Amino acid sequence: MSMQPVPVGSADYNAVLEWLYREAALLDSGEFEAWFALLAPDIAYEMPTRQSVYQKDGDGYQEDFGFYAENHSSLETRVKRLGTEQAWAEQPGSRTRHFVSNLLLQKDGEGAFHATTSFMVTRIRSDLPYDLFTGERRDVLRPDGGGYLLARRTILFDQTVLKSYNLSIFL
Amino acid sequence: MADTVDIAALVDEEAGHVSRRIYADPAVYEAEQEGLFRRAWGFLAHESEVPEPGDYVERQLAGENVLVIHGKDGVIRAFLNSCRHRGMRLCRADKGNASFLRCPYHGWSYSPEGELVSVFAEELYDAEHLDKSELGLIKVTQVDSYKGFIFGCWSEETPALDEYLGDMRFYLDILVGRTPGGVEVMGPPQCWEVHTNWKFATDNFTGDNFHLYTAHGSIAELGLLPPDPMALSFGNLIQAQRGHVLHIVPGPPIPEAEYFGLPMELRPVIEETLSEPQREIAKGHAFSVGTVFPNLSFMQVMVQGDLRSPPTPFLSFRIWQPTGPTTTKVWSWLFVEKEASEEYRKATYEAYVRTFGPSGIFEQDDMENWEECTRMNKGAIAQRYNLHHGMALQVPPDPDFPGPGKAWPGSYGERTQLCFYGEWKRWLTQEEPWA
């Protein structure tokens, strides 16, 4: 697939960046149903596990095994679960901040945008210390009406051992 | 330290009481490191994780870093991952393949079989001060495997693995020995850290089915559990041997839910491989959760990974590795039959990762409970009051149960928890708890 770089500061770049900011705002304000409406029906949302390996053995990501292996239906299930009164991992809810930066953007031959970003998510539950989640997102955004739908998100997480007791949030 | 705690008083099996101190007291933690974890058999790795000569993984045994490595002679060994020279962590990756192991500090090099092969500037030593044959890697005292599951033990006195597992092997076979090829890992273990005492996890994995409708109330609300909160109260609680315990629970009375819901194409070979009583148990049940004493737990369950997928089985084994009095590192592996189709592998993976592991819609709520239980039980006032483990203790065992050990009818009850804590107490207080 031929990929065209999209320059920083161009109209497409700014529009995708603004979409990413708005997505982060929905997640941080707990508007999960509105967030879910941004997902394409064929979305693949994945987070491979990583191991610490010598450089000759690559980056340590396990392509076919992870912490998330989601499609539209399973993400809908997660969002609906958060709407129940007994989802104890989020009752009371986490306070999160999604920081999304370092956007590099390309456009493929079918007009979809391939966005690579760095993310840092802070989470606080109850009066516990900060949980910190950092890594890289590889997103595919498909133009839809005036906006975009998220068709793919691969979360390349920096930790090999998750230093948080659960992953009850979306990254 | 340990002598300030009367361990024997912390568990009362007859009354069904357990002291809160066992989940929080640093002295109890030290006592169980010494009495239990440095003596009991612990799971290290599965053979399918190190299939080729030179393959290794780094694991933990009683808090020590251990290298599990497949030798050129085909033997899988386990060593302390520490150079004999300065103690440096010899191999510094979670996994890999090595034709020899060279210490990054001063270059002492070992074979995959653990022999010290070469030393930097060897000509500067005289024979009296360097006997390489005495300086091989420190072996895990006992290493053995059962159906591909490699275990290690730091004590010479502890009985051999076969004897230690004893009648639990009958039940393990139903899970990991039900096809000629057995099982293999799918991917590396998921690892995560939880601020809980490890025994809250084992307590849950001794076969606690009665937490389902409250701890996992969200799943019931979504309609992914049967509406009747007593629907999963049937089956048996089983003490296979000593502290090795499990439950078995029937699913709905449909063929799909027999044999734990495993794929139809595997069933003829499962029926052929299992013995008659094992077959009877496998056929009649959809769920089994249990613990190989002390901290290797398993779950064979059928779940819907999402609102539209059919109930799909998965088999996970996990280690609850204590890293402190109130901290635990979890290692969770997903297993699948070697004979399984690609289609089933994908389905069982998705069912597992969507429901269990740190992001799972079931398990994320378990950890919420285990962390908060641990915090609450730290208090000196709280510790004046024992915790209650008294459910269904009046139910007698079923004399006609087809498997070994003791089996109590019904899967809502606290028998297996008490069996676990009783065994835990013996290891912390007795010279020869296995006797």
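Just so it is clear, the structure is predicted and the values come from calculations on it, not from any experiment.

Parameters at a glance
- Residues numbered from 1 in each chain as written.
- Chains lettered and ligands numbered in written order.
- Predicted model: local features only at pLDDT ≥ 70, side-chain atom pairs only at ≥ 80, totals over all residues.
- Heavy atoms only, no water.
- Patch = residues over 30% accessible without salt bridge, like charges linked within 9 Å, V, L, I, M, F, W, Y side chains within 5 Å.
- Areas by Shrake-Rupley, 256 points an atom, 1.4 Å probe, with all protein chains shown as cover.
- Salt bridge = Lys/Arg side-chain N within 4 Å of Asp/Glu carboxyl O.
- Helix = DSSP H or I, 4+ residues; strand = E, 2+ residues; numbered from the N terminus.
- Domains from an automatic or database assignment.
- Contact = heavy atoms within 4.5 Å.
- Buried area = accessible area lost by both parts, 1.4 Å probe.
- Polar contact = N/O pair within 3.5 Å; in protein donor to acceptor, adjacent residues only side chain to side chain.
- Buried < 20%, exposed > 50% of the residue type's maximum accessible area, 1.4 Å probe, protein only.

## Digging into a nonpolar patch on the surface
Phase 1 of the analysis: Judged by side-chain polarity, A:Phe99, A:Met120 and A:Leu132 come together as a nonpolar surface patch covering roughly 270 Å² of accessible area.
Phase 2 of the analysis: Tracing the backbone shows A:Met120 in strand β5 (residues 113-124).

## Thoughts on the domain arrangement of chain B
All names here are of chain B.
Phase 1 of the analysis: Under the domain assignment, chain B is made up of domain 1 (43-146) and domain 2 (166-429).
Phase 2 of the analysis: A separation of 34 Å is found between the C-alpha centroids of domain 1 and domain 2.
Phase 3 of the analysis: Each side of the interface is counted separately: domain 1 has nine residues, and domain 2 has 13 residues.
Phase 4 of the analysis: Together, the buried faces of domain 1 and domain 2 total about 990 Å²; carbon and sulfur atoms form 69% of this surface.
Phase 5 of the analysis: For the pair domain 1 and domain 2, the interface holds zero salt bridges.
Phase 6 of the analysis: Counting the contacts that link domain 1 with domain 2 gives five residue pairs in polar contact (both at pLDDT 80 or more).

## Comments concerning the pattern of salt bridges
Phase 1 of the analysis: Taken as a whole, this structure holds 37 salt bridges over all chains when the rule is applied.
Phase 2 of the analysis: The partner of B:Glu58 in a salt bridge is B:Arg89, and the shortest N-O contact between them spans 2.8 Å. Linking B:Glu58 in strand β4 (residues 55-61) with B:Arg89 in the loop between β6 (76-80) and β7 (95-97), this pair joins segments that are 31 residues apart in sequence.
Phase 3 of the analysis: For B:Glu58, a relative accessible area of 9% corresponds to the buried category.
Phase 4 of the analysis: Judged by its relative accessible area of 32%, B:Arg89 is partly exposed.
Phase 5 of the analysis: If you follow the salt bridges from partner to partner, you end up with A:Glu23, A:Arg137, A:Asp139 and A:Arg153 in one network.

## Topic: the interface of chain B and chain A
One frequent convention defines the size of an interface as the accessible area lost when the parts assemble.
Phase 1 of the analysis: Listed per partner, the contact involves 46 residues of chain B and 40 residues of chain A.
Phase 2 of the analysis: When the two sides are added together, the surface that chain B and chain A hide from each other amounts to roughly 3,700 Å², 52% of it contributed by carbon and sulfur.
Phase 3 of the analysis: One can count four salt bridges joining chain B with chain A.
Phase 4 of the analysis: Close ionic contact of A:Lys163 with B:Glu193 constitutes a salt bridge, the shortest N to O distance being 2.9 Å.

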